[in-house]
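Examining the three-dimensional arrangement
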Amino acid sequence: MVRKRQSAAEHILDIAASLPWPLSLFIAAVLYLGLHHFASLAPLAVKSVAEIGEATQRTMLITLAQILQYLLPILFVIGAGASWIKQRKAGQLHDHVAAFPKIETLREISWREFEQLIAEHYRRKGYQVKLRGGKGPDGGVDVELRLQRDVYFVQCKHWRAQQVGAATVRELYGVMQAEGAVGGFVVTSGRFTKGAEDFAHGRGIELVPAERFLGEVRSHARRL
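Quick look at the structure, then.

Criteria and thresholds
- Once a new chain begins, its residue numbering starts again from 1 and follows that chain's sequence as written.
- Residues qualify for local features only when their pLDDT is at least 70, as the model is predicted, and side-chain atom pairs are given and counted only at 80 or more; totals for whole chains, interfaces and linings, by contrast, use all residues.
- Heavy atoms from the whole structure form the basis of all side-chain values; hydrogens and water molecules are not counted.
- The criterion is simple. A nonpolar core is a set of buried Ala, Val, Leu, Ile, Met, Phe, Trp, Tyr and Cys residues joined through side-chain atoms within 4.5 Å.
- Type-normalised accessible area, obtained with a 1.4 Å probe on protein chains alone, sets the label of each residue: buried when under 20%, exposed when over 50%, and partly exposed for intermediate values.
- Numbering goes from the N terminus for both helices and strands, where a helix is a DSSP run of H or I of at least four residues and a strand is a run of E of at least two.
- In what follows, a contact means two residues having at least one pair of non-hydrogen atoms within 4.5 Å.
- All axes here are fitted lines through C-alpha atoms, helices being fitted over the stretch that makes contact, and every angle between N-to-C directions spans 0 to 180 degrees.
- When an angle is under 35 degrees it counts as roughly parallel; over 145 it counts as roughly antiparallel; between 65 and 115 it counts as roughly perpendicular; any other value is oblique.
- Classification convention: Asp, Glu, Lys, Arg as charged; Ala, Val, Leu, Ile, Met, Phe, Trp, Tyr, Cys, Pro as nonpolar; all other residues, Gly among them, as polar.

Overview of the nonpolar core
Residues F114, Y122, L145, V187 and F213 are the most contacted members of the largest nonpolar core, which totals 24 residues. Of all elements in the fold, only helix 3 (52–99), helix 5 (111–124), strand 2 (143–147), strand 3 (150–157), strand 4 (183–188) and helix 8 (210–219) reach the threshold of two or more residues within this core. The element contributing the most residues to this core is helix 5, with 5 residues. Apart from the residues within four sequence positions on either side, V187 is in contact with F114, I118, Y122, V154, Q155, C156, K157, V208 and F213. Listed in part, the 16 residues of the second largest apolar core include F153, L172, M176 and V186.

Take a look at the structure:
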């Protein structure tokens, strides 16, 4: 199936919704103030033929700013609302798992909820978090973490039976090398093979099996 192409407005909404909601609100305010300034400019009075081009450009800029001074901030406010709702749901999910820290609890949620749970967990640990939006339950880097200037990548493996092998860890390491991440995490609802553990050793990759992850979630319950 051919994926429907996003409009510019939809793309902006996606960006705003992926940011922390206070940041999206801040951007909305800055955009309004900046664009309102241009929208309030007076048209250029034409005194000679040589000034026609400049006057036309100024008029176009003013007209565009008059339209965008409301449109862009509204999109970022809507995106901020969506971001707030997602963060609130992720917080509720985190608290639910912390209250029932069992492997069965992890396996009852969807792979998308598993990603959101992991993102919320690292947010509570002090990282700046960005969901990168994998293509599916096994797709690429799922969460990007920042701690000051350092970048870390997270792969989330919501596997019910199969153990996570070395190929997954090798894939993450390759992306880390290509994009300059200083470290990475692979978090699973199951376990890791001996080969995965051997490959991760000494490469800045932390393997987090289900039992350990549940313990960490419980220790960070209700810490926002």
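What follows continues from the structure just given.
Section: the packing of helix 2 (residues 21–39) against helix 3
The interhelical angle for the contact between helix 2 and helix 3, taken along N-to-C directions, is 170°, at an axis separation of 8 Å. Taken together, helix 2 and helix 3 sit at an angle that is classed as roughly antiparallel. Residue composition of the contact of helix 2 with helix 3, by class: 20 nonpolar, 6 polar and no charged.

Honestly, that's just the spatial picture; any functional story needs more than this.
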